[in-house]
Structures are given as structure tokens and as C-alpha cells.
Amino acid sequence: CDSGGNCATATVTVVVSPATNVFAAQISLSSDTHWPTVVFPSFAGHIYRIEYLDALGAAAQWSVLVSNIPGSGSRMSISDTNPFAARFYRVGADGQ
């Protein structure tokens, strides 16, 4: 949002295609709260985490937004309720 309160929205979809699986995470900005929301498919038996960066750079360290998200076999939706002006997100999985 700019200083006048005018906000723009956008959706970004990232698809990673290994040999047999397709994983597509989507990041969108909520029109009512203006919180970024990360949506991704989950698989039972996997534990997920969402990490973020406030700036890209060689010395940047990823911070954990949410961890220990149990996969259910359905799409998961996680909102960042305390977003920085600009933020970069990634989804990771443990227990593969």
C-alpha cells in the first residue's frame, strides 16, 4: 500500500516439477486484510514450514514464519499477519 492507502493486489504461482510430483505454491495478497497468504498442496506424512526473507542478499538468513504444519493431503493456507513492506517466502517439507 502507498502512503495514501491505495493497495494493489497480485498473485504469484511457483511450480516445481520433479519427475513424478508437481508442487505449486501460490502467494496472494488478501483484499480485506492486505496480509500475504501462502497456499500450497500438502501430502500426508510430511511436515511443512514457511520461511521468509525481508531482503535478498548473499548474507540473508531465512526466518521461520510457521513450522510443524502437518500435511493432510489437501491444500494448506497460511497468512502472514505481521508482514514487512516487502517479503520473500518459501515452503519447505520435512519427513519426505
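Everything that follows concerns the structure shown earlier in this document.
Rules of the game
Residue numbers restart at each chain and count upward from 1, following the sequence in its written direction. Totals for whole chains, interfaces and linings use every residue, but because this is a predicted model, local features are given only for residues with pLDDT of at least 70 and side-chain atom pairs only at 80 or more, for both listing and counting. The side-chain quantities take in all heavy atoms of the structure and omit both hydrogens and water. Numbering of helices and strands starts at the N terminus; helices are DSSP runs of H or I of at least 4 residues and strands are runs of E of at least 2. For every residue, the accessible area obtained with a 1.4 Å probe (protein chains only) is divided by the maximum for its type, and the residue is called buried under 20%, exposed over 50%, and partly exposed between those limits. Two strands qualify as a pair provided DSSP detects at least 2 bridges between them. What we call a nonpolar core is a set of buried Ala, Val, Leu, Ile, Met, Phe, Trp, Tyr and Cys residues that are connected through their side-chain atoms within 4.5 Å. Contact criterion: two residues are considered in contact whenever any of their non-hydrogen atoms come within 4.5 Å of each other.

(A) The arrangement of unusual backbone geometry in detail. Even without being a glycine, His-34 presents a positive backbone phi close to 65°. Relative to the helices and strands, His-34 is located in the loop between strand S2 (23–29) and strand S3 (36–41). Looking at His-34, the relative accessible area reads 32%, which means it is partly exposed. Although it is not a glycine, Asn-68 adopts a positive phi angle of roughly 55°. Relative to the helices and strands, Asn-68 is located in strand S5 (residues 63–70).

(B) Seen up close, the pairing of S2. Two elements, S2 and S3, share four bridges in a ladder whose sense is antiparallel. Across the sheet, Leu-29 pairs through a bridge with Pro-36, a residue of S3. Hairpin connection of S2 to S3: six residues between the antiparallel strands, including His-34 at a positive phi of 65°.

(C) Spatial organisation of the nonpolar core. In this structure, Ala-25, Val-38, Phe-40, Tyr-48, Ile-50, Tyr-52, Ile-69, Met-76, Ile-78 and Tyr-89 together form the largest nonpolar core, which totals ten residues. For this core, the secondary structure elements donating two or more residues are S3, strand S4 (47–53) and strand S6 (75–79). In terms of residue count, the dominant contributor to this core is S4 (three residues). Apart from residues lying up to four places away in sequence, Tyr-89 is in contact with Ile-27, Pro-36, Val-38, Ile-50, Glu-51, Tyr-52, Trp-62, Leu-65 and Asp-80.

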